Amino acid sequence: MLTPVSSVPATHAVQPTTPQHPAGSRANVLLCSVFGPYAQDDEYGSRAMNPMELYQNQVTREQGPFSLRMFHRSWGLMLMQANMQAPCTLLDFPTLDRFIEELRQQQYDIVGISGIPVNVLKVSKMCDLVRQYQPQATVVVGGHVANVRNLDQQLDADFIVRGEGVRWFRRFLGEDEQQPIRHPLITSGIGIRSVGMTIKERPGSVGATVIPSVGCPLGCNFCATSAMFGGKGKFINFYDSGDELFDVMVTLERQMKVSSFFMMDENFLLHRRRALRLLELMQQNDKSWSLYVFSSGKVLANYTHEQLVALGISWVWMGLEGEASQYSKLRGVNTHELVRELQSHGIKILGSTIIGMEEHTPENIDQVIDYAVRHDTDFHQFMLYTPIEGTPLHAEMLEQGRLKPRSEYHPADAHGQFKFNYHHSHIRDGRETEMLARAFRHDLEVNGPSIVRVARTMLAGWKQHREHPDQRVRRRFAREARELVTTYAPIVSAARRYYRQSPELHAKMSRLLSEICDQLGWTTRIAATLGGRYLSWKIRQEERRLASGWKYEPPTFYEKNSAAASAMNSCSASLA
């Protein structure tokens, strides 16, 4: 995500103020994510095991045809484009040929390129191409890749920019950096796919993404996002109050026809006054919204379940680093009890566990994995303990001389899903790769596919709150109950067939399917029977597709803001 807060020229000499581009708001800007393909091994650092899919990459990667597949747009680039008065074109997920074509056909004053550390070779290649085709253009590089040490020696850019980007670009273009943040229309996921089916996207079928702030004040030592925006105790609010946030959500609701929102905030509920004011406004204006949030266990424990349910909290991503965790965000919290309590109210949980903490050894790793799996969260992310450049953990490993030399690993492989980029005290010889895969497999073998677990939690919420005194809450759970009938009952039925050779999982899914049908009536039973047969066929088809080596890649997006669109229309008119 290209999100600078202060500019650092390629020489890394810090300037007291951001310079202004000579063309100011008349500058023609191109913002671009790194080029694909993304899910296959190539010379630029793409890896088949590191696709441009958050869930398949690090949450449901061992779940085969049941894995949740989707892509997420480059939200930071979208936010910056929406907040420029200058003409700005966004090229998201291009191929290399498409990027070259754009440079050949359109003249730009500024080219901004966004990437993460594993993409450094792609970013370097794109900088070289800009120099080749548009040598007059100012090249700006940002995103997490900006934290790579000696980056100026690895690529040819005019500015390497770190932090929050909207205000930086406004300064660079001579625009008013204090004007209110305009929120773009962002669909939270695209190309959503599971059990061999891709959701047909229509207005309201997928939630909107809201970006209230960036950074995380908790500042865990391994967190690249926290480090990128200032570290522990630092964050940048785009919307300080619940009133501002509510106005944004009402606009998105009206324009995108949505009732659910993915709150892209590292710890949304930590900002308690803002969250409770949002709740108050939702109650006053009869808003039956569903919110998907990130939150730490300690912060969640400070809210009552009545507040969470009334606020529409439907899904929570929370860290579950382990019973011996050093992190204060879990201190004093029984996470197993907390997860069960939240799920009983219909709140889906995505738990996140780190494999390879300092205290982990080959002898205790199975206990670590079992502890995580016993949470029985709806989804579970497992990641390797990885010192990402720019984080306190990386600085600590560098000081201790524990970082591996480049001769021992490729930078593109240090993405948290393959191998360590440092020497672990106890886990050696690449054993971490198998340990990580073991964690994903054990979670699947014990708890079953995530999409089935989601159905279980949705049913629990509907049973608990279908007669809730607040009609807003009743409407939300009735909305989810309709999905249980039309979507999840057939999925559970198909999964039950799929796991008929696994007695424990088959029995678990049989009980769940029976309860769904008993609670929701005969139409659900019919949908489960007929839909389950069809999905069983689609699942087998998906398995064959995956076995043949099929890769999922995002489409390319090409979008212009109003100033760029007006400039293009004026040019077309003059040519006519």
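Residues numbered from 1 in each chain as written. Predicted model: local features only at pLDDT ≥ 70, side-chain atom pairs only at ≥ 80, totals over all residues. Heavy atoms only, no water.

Caption draft 1: Structural view of the overall build of the chain. A count of helical and extended segments in the chain gives 19 helices and 18 strands. The C-alpha atoms of the chain give a radius of gyration of 24 Å, which matches the 25 Å a tight globule of 576 residues would have. In terms of overall dimensions, the chain has a C-alpha envelope of 70 × 55 × 45 Å along the principal axes. A burial count over the chain gives 57% of its 576 residues as buried. A sequence separation of at least 24 residues applies to 76% of the contacts in the chain between residues at least 6 apart. Accessible surface for the chain amounts to roughly 23700 Å². Of this, 50% is attributable to carbon and sulfur atoms. Averaging the positions of the 65 positive and the 61 negative side-chain charges in the chain gives two centres separated by 5 Å. (Helix = DSSP H or I, 4+ residues; strand = E, 2+ residues; numbered from the N terminus. Rg over C-alpha atoms; globule rule 2.2 N^0.38 Å. Buried < 20%, exposed > 50% of the residue type's maximum accessible area, 1.4 Å probe, protein only. Contact = heavy atoms within 4.5 Å. Areas by Shrake-Rupley, 256 points an atom, 1.4 Å probe, with all protein chains shown as cover. Lys, Arg positive; Asp, Glu negative; His and termini not counted. Charge placed at Lys NZ, Arg CZ, Asp CG, Glu CD.)

Caption draft 2: Up close: the pattern of salt bridges. Applying the stated rule across the entire model yields 31 salt bridges. In this structure, Glu253 and Lys287 form a salt bridge, with 2.8 Å as the shortest nitrogen-oxygen distance. Placement of the pair is Glu253 in helix H7 (residues 242-256) and Lys287 in the loop between helix H8 (272-284) and strand E14 (290-294), with a sequence separation of 34 residues. The exposure class assigned to Glu253 is partly exposed, which follows from its relative accessible area of 21%. Overall, the relative accessible area of 16% leaves Lys287 in the buried class. Across the salt bridge formed by Asp265 and Arg274, the nearest N and O atoms sit 3.1 Å from each other. Residue class for Asp265 comes out buried when judged on its relative accessible area of 1%. One network of salt bridges, in which partners are shared, links Asp366, Glu434, Arg438 and Arg441. (Salt bridge = Lys/Arg side-chain N within 4 Å of Asp/Glu carboxyl O.)

Caption draft 3: The arrangement of the sheet that holds strand E10 (residues 208-210) in detail. The strand order across the open sheet formed by 6 strands is E10-E13-E14-E15-E16-E17, and the pairing between neighbours is parallel. Across the chains shown, the open sheet's two edge strands, defined by having one partner strand only, are E10 and strand E17 (379-384). Across the sheet, the mean angle separating the axes of adjacent strands is 15 degrees when strand polarity is ignored. For strand E13 (residues 260-263) and E14, the ladder comprises 3 bridges, and the chain directions are parallel. Among the inter-strand pairings, Phe262 is bridged to a residue of E14, identified as Tyr292. Strands in contact with helix H16 (residues 471-498) are E14, strand E15 (313-319) and strand E16 (348-355); relative to E15, the strand with the most contacts, it is inclined by about 80 degrees. (Pairing = 2+ DSSP bridges. Axes fitted to C-alpha atoms, helices over the stretch in contact; angles between N-to-C directions.)

Caption draft 4: Region of the structure containing the nonpolar core. By size, the foremost hydrophobic cluster in this structure holds 112 residues, and its most contacted members are Phe169, Leu269, Leu278 and Leu291. Tallying contributions element by element places H16 first for this core, with 11 residues. Counting residues in each nonpolar core, the second largest holds 34 residues, with Val123, Leu129, Val130 and Ile160 among its members. (Core = buried A, V, L, I, M, F, W, Y, C linked by side-chain atoms within 4.5 Å.)

Caption draft 5: Layout of the sheet that holds strand E3 (residues 69-71). The strand order E3-E8-E9 describes an open sheet built from 3 strands, whose pairing is antiparallel. The two strands at the open ends of the sheet, each matched to only one other strand, are E3 and strand E9 (197-198). Relative to E9, strand E8 (residues 190-194) is paired through 2 bridges, and the arrangement is antiparallel. Bridge assignment links Arg193 to a residue of E9, and that residue is Thr198.

Caption draft 6: The arrangement of the environment of Leu546 in detail. With respect to the secondary-structure elements, Leu546 resides in helix H18 (residues 522-547). For Leu546, a relative accessible area of 27% puts it in the partly exposed group. Distance in space between the C-alpha atoms of Leu546 and Phe477 is 35 Å, their sequence separation being 69 residues. Ignoring sequence-local partners within four residues, the contact set of Leu546 consists of Gly64, Pro65 and Arg69.

Caption draft 7: Spotlight on helix H4 (residues 120-133). Its 14 residues give H4 an end-to-end C-alpha distance of 20 Å, which sits within 8% of 20 Å, the value for a rise of 1.5 Å per residue. Turning to H4, its buried residues are Val120, Lys122, Val123, Ser124, Met126, Cys127, Leu129, Val130 and Arg131. (Expected span 1.5 Å × (residues − 1).)

Caption draft 8: View of the packing of H16 against helix H17 (residues 503-520). H17 packs onto H16 with a crossing angle of 150 degrees between their chain directions and a minimal axis gap of 10 Å. Relative to H17, the element H16 is oriented roughly antiparallel. H16 and H17 meet at a crossing whose hand is left-handed. Facing H16, whose interface residues are Ala481, Leu484, Val485, Ala489, Val492, Ser493, Ala495 and Arg496, H17 presents His506, Met509, Ser510, Leu512, Leu513, Ile516 and Leu520. The residue inventory of the contact of H16 with H17, partitioned by class, reads 11 nonpolar, 3 polar and 1 charged. (Parallel < 35°, antiparallel > 145°, perpendicular 65-115°, else oblique. Left-handed = near helix turned anticlockwise from the far one by under 90°. Nonpolar A, V, L, I, M, F, W, Y, C, P; charged D, E, K, R; others polar.)

Caption draft 9: Just the environment of Asn267, in detail. Tracing the backbone shows Asn267 in the loop between E13 and H8. By relative accessible area, Asn267 is classed as buried at 3%. Sequence-wise, Asn267 and Leu300 are 33 residues apart; in three dimensions their C-alpha atoms are separated by 9.8 Å. The contacts of Asn267, once residues within four sequence positions are left out, are Cys216, Leu218, Phe294, Ser295, Ser296 and Val299. Reaching out from Asn267, the side chain makes a polar contact with the side chain of Ser296 at a distance of 3.3 Å. (Polar contact = N/O pair within 3.5 Å; in protein donor to acceptor, adjacent residues only side chain to side chain.)

The quantities given are spatial measurements derived from coordinates; they are silent on function.
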